[in-house]
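# A look at the structure
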Amino acid sequence: MLWNRIFRYELPTAIEFGNGSVQELAAHVRKLNGNKVLLVSDPGVQKAGMTERLTAVLAKEEIPYAIFNEIEPDPDIDGVMRGKELAASEGCDCVVGLGGGSALDTAKAIGLMLGNGGHIRDYVGIDKVPKKGTPVIAVPTTAGTGSELTIWSVLSDKRAKVKLSVGSAYNCPDLALCDPELTVSLPPHITAATGMDALTHALESFVNKATQPISEGLSIQSMKMIAHSLRTAVAQGENLEARYDMLMASLIAAMAFNPTRLGLSHALAIPLGAHFKIPHGTVNAILLPEVMQYNLMGNLDKFKTIAQIFGMPVDHMPPWEAAELSVIAVRKLKQDVGIHQTLSDFGVTEDALDRIAEEAMTSGNVPVNPRRPTLEDLKQICREAMK
Ligand code: NAD
């Protein structure tokens, strides 16, 4: 850990958190001077009754709205431009994103495009956006990505089979309106995958070279809540206390990684997700224990702390053995929540690994990883995750 460097911590997003908090949506729209809302969600969120829940609140307070819900998991950049056209033609001046990372990332990008010209492709990369766009309220319905307050929109170019990330402080929503009740309808497999995504965020930020004391504290709190509550949220979807913990944990994990970036799980997850259509949380869950095993020697103390957080008996153990217990604990959590797949189950084969490793190596998550990988290292991590 380098204590002799300057770091910056910025959180442009206000947070309102609690059961029933979406009932105040209309007041928040008004506070942001919104007169007409573009409500961005996806068909699964609509089917779960979430869209209706929010439109009822808006209708009650006589705030007009248009709905854009043509969003698939790993949302395409074309959707952003279509959503922007709809918002412009409908005269919407406030965007409400409702859903998991796919809907929220799209909503954020639509908000950006309403205030900036050109195409969303022009803003791919970090800090490429000239100015703030239209106000955005993000209402998460999964507990995983933390998109409700991150700088990132992860979008897909499905024709080119690549994921493109737009990262900018202007892409942070104005408000993260977090209501754990909206996550109760998540089926166990999505609860599990998104929960493991949140864990990957907290953990990768915690051990990486860019972390700093603020992020470290947030990561520790997030990992404690996930260790305590993810199994319960999967086993008892209706358990509001566990849902509360998981939504809070994913939010806090995002606060941790927003300024630090992540590590090799995310570097590999992006090309693997793009080429093999593996859900983002699932691919992170598959990779995480293998990446941890690879990274152990880069930060033994931190991995020992993780083992402690997961209740492993680290006292009086040599550092190496104590650190290794973190891998055992995370592997066990992944199994317990029902993620038994390997990369092979999604069609990943040896002949794809050169391309996956080369694409992963270009990620900004590689330089901050606690151990500097070679292309062969990245391929070997994938091989372990194929078994
Ligand atoms: P998702 O948004 O793709 O949703 C997964 C599925 O869950 C969808 O079918 C959706 O309809 C359904 N769903 C969502 N909420 C539900 C609910 N309450 N009840 C029932 N069904 C519900 O999944 P995700 O994991 O939240 O997001 C993944 C996307 O987020 C990926 O594109 C990934 O790259 C991106 N991501 C973004 C960030 C960021 O910082 N912006 C971070 C990590 C991942």
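It should be noted that the structure appears before, not after, this text.
An account of the accompanying structure is given in this report. Keep in mind the model is a prediction, meaning the values are calculated, not measured.

Reading guide: rules and limits
- Residues numbered from 1 in each chain as written.
- Predicted model: local features only at pLDDT ≥ 70, side-chain atom pairs only at ≥ 80, totals over all residues.
- Heavy atoms only, no water.
- Helix = DSSP H or I, 4+ residues; strand = E, 2+ residues; numbered from the N terminus.
- Rg over C-alpha atoms; globule rule 2.2 N^0.38 Å.
- Buried < 20%, exposed > 50% of the residue type's maximum accessible area, 1.4 Å probe, protein only.
- Areas by Shrake-Rupley, 256 points an atom, 1.4 Å probe, with all protein chains shown as cover.
- Pairing = 2+ DSSP bridges.
- Axes fitted to C-alpha atoms, helices over the stretch in contact; angles between N-to-C directions.
- Contact = heavy atoms within 4.5 Å.
- Near = heavy atom within 4 Å.
- Polar contact = N/O pair within 3.5 Å; in protein donor to acceptor, adjacent residues only side chain to side chain.
- Core = buried A, V, L, I, M, F, W, Y, C linked by side-chain atoms within 4.5 Å.
- Domains from an automatic or database assignment.
- Patch = residues over 30% accessible without salt bridge, like charges linked within 9 Å, V, L, I, M, F, W, Y side chains within 5 Å.
- Salt bridge = Lys/Arg side-chain N within 4 Å of Asp/Glu carboxyl O.
- Lys, Arg positive; Asp, Glu negative; His and termini not counted.
- Charge placed at Lys NZ, Arg CZ, Asp CG, Glu CD.
- Phe/Tyr/Trp six-rings, centres within 6.5 Å; stacked < 30°, edge-to-face > 60°.
- Lys NZ or Arg CZ within 6 Å of the ring centre and 35° of its normal.

This brings us to the overall build of the protein. When helices and strands are tallied, the protein shows 14 helices and nine strands. In terms of overall dimensions, the protein is globule-like: its C-alpha atoms have a radius of gyration of 20 Å, near the 21 Å expected for 387 residues. Overall size of the protein, expressed as C-alpha extent along the three principal axes, is 65 × 45 × 40 Å. By the burial criterion, 59% of the 387 residues in the protein qualify as buried. Looking at the protein as shown, the accessible area adds up to about 15400 Å², and 54% of this sits on carbon and sulfur atoms.

In space, the six strands of this open sheet follow the order S1-S9-S6-S4-S2-S3, with parallel pairing throughout. Two strands lie at the open edges of the sheet, namely strand S1 (14-17) and strand S3 (65-68), each paired on one side alone. This sheet shows a mean twist of 20° between the axes of neighbouring strands, independent of strand direction. Against the sheet, helix H8 (residues 240-257) engages S1, strand S6 (136-140) and strand S9 (175-178), with an angle of about 170° to S1.

The full set close to the ligand counts 28 residues, and Asp 42, Ser 102, Asp 105, Thr 141 and Thr 150 are the nearest of them. In the model, an oxygen atom of the ligand is placed 3.4 Å from a nitrogen or oxygen of the Val 45 main chain. Contact distances for the ligand include 2.8 Å between a nitrogen atom and a side-chain N or O atom of Ser 185. Notes on the ligand: free accessible area 870 Å², of which the protein chains cover 90%. Elements with a contribution of two residues or more to the shell around the ligand: helix H2 (43-47), helix H5 (101-113), strand S7 (152-157) and helix H6 (188-207).

Our next topic: the pairing of S6. Strand residues, when the strand is regular, have side chains that alternate between the two faces of the sheet. The buried count for S6 comes to five of five residues, which makes it a mostly enclosed element. Taking every second residue as pointing to the same face, both faces of S6 are buried, with Val 136, Ala 138 and Pro 140 on one and Ile 137 and Val 139 on the other. Summarising the sheet, strand S4 (residues 94-99) and S6 pair through five bridges and their orientation is parallel. Counted as the bridge partner of Gly 99 is Pro 140 from S6. Summarising the sheet, S6 and S9 pair through two bridges and their orientation is parallel. Following the sheet pairing, Ala 138 is matched in S9 by Ala 176.

Before going further, it helps to spend a moment on the nonpolar core. Met 196, Leu 199, Leu 203 and Phe 310 are the most contacted members of the largest nonpolar core, which has 52 residues in total. Counting only elements with at least two residues in this core, the list comes to S9, H6, helix H7 (213-235), H8, helix H10 (280-295), helix H11 (300-309) and helix H12 (319-336). Residue contributions to this core peak at twelve residues, all from H8. Per-domain counts for this core show at least three residues from each of domain 1 (14-183) and domain 2 (188-386). Those residues in contact with Leu 203 that sit more than four places away from it in its chain are Met 223, Leu 288, Met 292, Phe 303, Ile 306 and Val 330. Grouped together as the second largest cluster of nonpolar side chains are 25 residues, Ala 267, Ile 278, Ile 356 and Ala 360 included.

Attention now goes to the pairing of strand S8 (residues 162-167). Both strand S5 (residues 125-126) and S8 contribute to a ladder of two bridges, which runs parallel. Its bridge partner lying in S8, Gly 125 is registered against Val 166. Pairing between S7 and S8: six bridges, direction antiparallel. Each residue of the ladder has a partner; that of Leu 155, found in S8, is Leu 164.

A separate point is a negative patch on the surface. Among the surface-exposed residues, Glu 16, Glu 24, Glu 61 and Glu 62 lie close enough to one another that they form a single negatively charged patch. Structurally, Glu 24 can be placed in the loop between S1 and helix H1 (25-31). Residue classification places Glu 24 among the partly exposed residues on the basis of a relative accessible area of 43%.

With that out of the way, let us pick up the packing of aromatic side chains. Where two aromatic rings form a pair, the distance of their centres and the angle of their planes describe that pair. Tallying each qualifying case throughout the model produces one aromatic pair. Between Phe 17 and Tyr 244 the ring centres are 5.0 Å apart and the planes differ by 70°, which places this aromatic pair in the edge-to-face class. Of this pair, Phe 17 sits in strand S1 while Tyr 244 is found in helix H8, placing the two residues 227 residues apart along the sequence. Classification of Tyr 244 by relative accessible area gives partly exposed; the value is 32%. It is Arg 371 that lies over the ring of Tyr 294; its NZ or CZ is 4.0 Å from the centre.

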